[in-house]
Structures are given as C-alpha cells and as structure tokens.
Amino acid sequence: GCPTDWSDPSWSQIADDFRDLNELFNNIDQSYGPDAGEALQKLKSFIATASYHQIASLVDSFHLAMIDIREALDAADPQTKTDSLTPWRTLLNSNDTPLVSPNGLLIVELKCPADLYAEHQALGHCIDGYDYSAYRGNCRLFSVRENGQSLASAEIQMNESAWGETLEKLTPKHLVTTQLRGLRNRTPKSGSRVDRAYQWFWAKIKSGELDINLEWPDQTLSMSRYTNRNRKQLHAQACAEWINLRLSRK
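Because the structure is a prediction, the values reported are computed rather than measured. (Residues numbered from 1 in each chain as written. Predicted model: local features only at pLDDT ≥ 70, side-chain atom pairs only at ≥ 80, totals over all residues. Heavy atoms only, no water.)

Draft legend 1. Spatial organisation of the overall build of the protein chain. In terms of regular secondary structure, the protein chain is built from nine helices and five strands. For the protein chain, the α and β elements follow one another from N to C terminus as α-α-α-α-β-β-α-α-β-β-β-α-α-α. Relative to the 2.2 N^0.38 estimate, which gives 18 Å for 250 residues, the radius of gyration of the protein chain is 19 Å and therefore close to what a compact globule would have. A principal-axis box enclosing the C-alpha atoms of the protein chain has dimensions of 55 × 50 × 35 Å. Burial status across the protein chain gives 45% buried among its 250 residues. For the protein chain, contacts bridging at least 24 residues in sequence account for 70% of all contacts bridging at least 6. (Helix = DSSP H or I, 4+ residues; strand = E, 2+ residues; numbered from the N terminus. Rg over C-alpha atoms; globule rule 2.2 N^0.38 Å. Buried < 20%, exposed > 50% of the residue type's maximum accessible area, 1.4 Å probe, protein only. Contact = heavy atoms within 4.5 Å.)

Take a look at the structure:
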C-alpha cells in the first residue's frame, strides 16, 4: 500500500504513522497480565499481514481511543483538576517570554497538563497524554504558534549518550528532537514556516545560546495521582484492552 516512488511526498506521513505505531507497543509494555500478552500477540500478527493503509487506520483509531481513555481516567480521578496546573521543571530557564523566530512565529514551552490539553484541542493530536512523561523527566514539550494559534508541537528528549551521565556533564549535545507534529499529527513540511521557526529555535538550543535547565526530576514519586492511583498502569491496561477489542473485529 506504499508508493513505489521514493520521492513521493506521502512517505513523510507513512514514516509518521510507523513511528506512532510504537505508542501501541509502548503501552502494551507498561501493562501486565493476560490482556497485555494477548494484545502483543494480536498486534504482531496484525502487522505481519496488514497493508500500510490498514496499519494507518489502526494508528488513527488509536489516537482517537487515547482521548476517550484519558477522559475516562480523568473522570474517575479527583486529583486531575488539582494537578492540571502543576508545572514540571522546564527546559528554558527564562520561560515567561515567548521566543520570536525571524519569520515571526513564536516558540512557547508547555509547562503543565492544562497547556498540553489546550495544545491537543488546537491540533487534534494526543500530546495531552504526555503529562506523565514530562512529570517523569523523560521529555520537554514546546509549541510553535502564530497570533496565539498553535501550529505544531515538539517533543525533546535526552539521547542515549545521556544515560548514566551526571547532571554536571549534561550539555545541549545530549538533547534530541523526537518529533515535530502539526494538525492531526502531520509533520510540517521541510522548509515550511513552522519548520524554519523550529529549526531556528533548535539551533539556539544546541549552540548553547539559550539558558537551559537539564535537571528533569521525576515528580511522579511525590504526586498522589500516580503514587496512589497507579494512573499509568491503568492507562496501559485500558490501551491493551482497546487493542484486543479492535483487533478482534472482523
């Protein structure tokens, strides 16, 4: 189901869909019990015989299911509203003033679940589910905007060379942009205004021109939302159940 011409522009979307397929496996890995084992086997069997279009349909359905799963967990968790404005430690030390790129687009750091939810509402992707990763210290998140409107979201992580390093030895070279996604999870085209604005920001990060903080503590250890209610495991369990149901359909 893929193009035969390597220059076909649809390859960018195909690559995005296969990267997003990792989210299904990641959620299965975080779940336990027979549902997780069944989901893993069904997913492997499905991928072994599916066309690209079938896989893309599964990924799109999963993104929609993630919204329903999150809303169900939020409704059952009285800590959700309390935590929504609790910030994680930011990457930028000067985070009050948005960065203005040469083409006029703004770069804004997302600092709490409420920021992620607003970004999700604007772009229709599942960034609102990244709060646990941010609180855990696994990533930092940014928005590219124009006139207050979100155009794309970026995720930044530490690369493998940062593993085991002390805080004193961490530098911008340890950072990597894992994804830049626009409306409905589409990657902005190379050379587009959004891409140029983000690359300008990324160059400033990597060059050390911006004052950044690379100490990203695990805040989940002190948040009852995660320590008492085991939210992440409940989320993973719900995802495994969804995969089993979705892949049982004829």
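Having seen the model, we can carry on.
Draft legend 2. Examining empty space enclosed by the protein more closely. A complete count under the given rule lists three cavities of 30 Å³ or more for this structure. Counted as a void, the largest cavity has a volume near 110 Å³. Glu 23, His 125, Cys 126, Ile 127, Tyr 130, Leu 141, Ser 153, Ala 154, Glu 155, Gln 179, Arg 181 and Asn 185 together form the lining of the largest cavity. Sorting the residues of the lining of the largest cavity by element identifies strand S4 (149–158) and strand S5 (175–181) as the ones contributing at least two each. (1 Å grid on protein atoms, 1.4 Å probe; cavity = no way out; pocket = protein on both sides within 12 Å on 5 of 7 lines; lining within 4 Å. Points joined across faces, edges and corners; volume = space filled by probe spheres on them.)

Draft legend 3. Broad picture of the layout of surface pockets. In this structure, the largest pocket spans a volume of roughly 970 Å³. Surrounding the largest pocket, 33 residues form its lining, Asn 26, Ser 133, Asn 138, Glu 155 and Gln 157 being those nearest its centre. Elements supplying a minimum of two residues to the lining of the largest pocket: helix H1 (11–29), helix H6 (131–136), S4, S5 and helix H9 (231–246). The leading source of residues in the lining of the largest pocket is H1, at six residues. Residue composition of the lining of the largest pocket, grouped by class: ten nonpolar, 14 polar and nine charged. (Nonpolar A, V, L, I, M, F, W, Y, C, P; charged D, E, K, R; others polar.)

Draft legend 4. Layout of the nonpolar core. The biggest cluster of nonpolar side chains holds 25 residues, and the ones touching the most others in it are Leu 91, Val 144, Leu 175, Phe 201 and Ile 205. Here this core takes six residues from helix H7 (residues 193–207), the largest share from any one element. Once residues lying within four places of it in the same chain are set aside, the contact partners of Ile 205 are Leu 91, Leu 92, Pro 172, Leu 175, Leu 210 and Ile 212. Listed in part, the 21 residues of the second largest apolar core include Ile 28, Ala 36, Phe 62 and Cys 239. (Core = buried A, V, L, I, M, F, W, Y, C linked by side-chain atoms within 4.5 Å.)

Draft legend 5. Expanded view of the packing of aromatic side chains. Considering all chains together, one arrives at seven aromatic pairs under this definition. Summarising the aromatic geometry, the rings of Phe 18 and Tyr 52 are spaced 6.0 Å apart at their centres and angled 40° between planes, so their arrangement reads as tilted. Taken together, the residues span a long stretch of sequence, with Phe 18 in helix H1 and Tyr 52 in helix H3 (residues 52–76) at a distance of 34 residues. Taking the relative accessible area as the measure of exposure, Phe 18 reaches 36% and is therefore partly exposed. Taking 5.0 Å as the distance between ring centres and 85° as the angle between the ring planes, the aromatic pair formed by Trp 88 and Tyr 135 counts as edge-to-face. One end of the pair, Trp 88, is in the loop between helix H4 (80–83) and strand S1 (99–100); the other, Tyr 135, is in helix H6, with 47 residues separating them in the sequence. An identical accessibility class is assigned to Trp 88 and Tyr 135; each is buried. In this structure an aromatic cluster arises from ring pairing among Phe 142, Tyr 198, Phe 201 and Trp 202. (Phe/Tyr/Trp six-rings, centres within 6.5 Å; stacked < 30°, edge-to-face > 60°.)

Draft legend 6. Looking closely at the sheet that holds S5. Across the sheet, which stays open at both edges, the five strands sit in the order S1-S2-S3-S4-S5 with antiparallel pairing between neighbours. With one partner strand each, in any of the chains shown, S1 and S5 form the two edges of the open sheet. With seven bridges connecting them, strand S3 (residues 140–146) and S4 associate as antiparallel partners. Each residue of the ladder has a partner; that of Leu 141, found in S4, is Glu 155. The strands that H7 touches are S1, strand S2 (106–110), S3, S4 and S5; relative to S5, the one it contacts most, it runs at about 165°. (Pairing = 2+ DSSP bridges. Axes fitted to C-alpha atoms, helices over the stretch in contact; angles between N-to-C directions.)

Draft legend 7. Structural detail: H1. Relative to the 27 Å expected for 19 residues at 1.5 Å per residue, H1 spans 28 Å between its end C-alpha atoms, a close match to the ideal helical length. Among the residues making up H1, those that are buried are Gln 13, Ile 14, Asp 16, Asp 17, Asp 20, Leu 21, Glu 23, Leu 24, Asn 27 and Ile 28. An end-on view of H1 places all buried positions within 155° of arc, on one side of the element. (Expected span 1.5 Å × (residues − 1). Arc of directions from axis to C-beta.)

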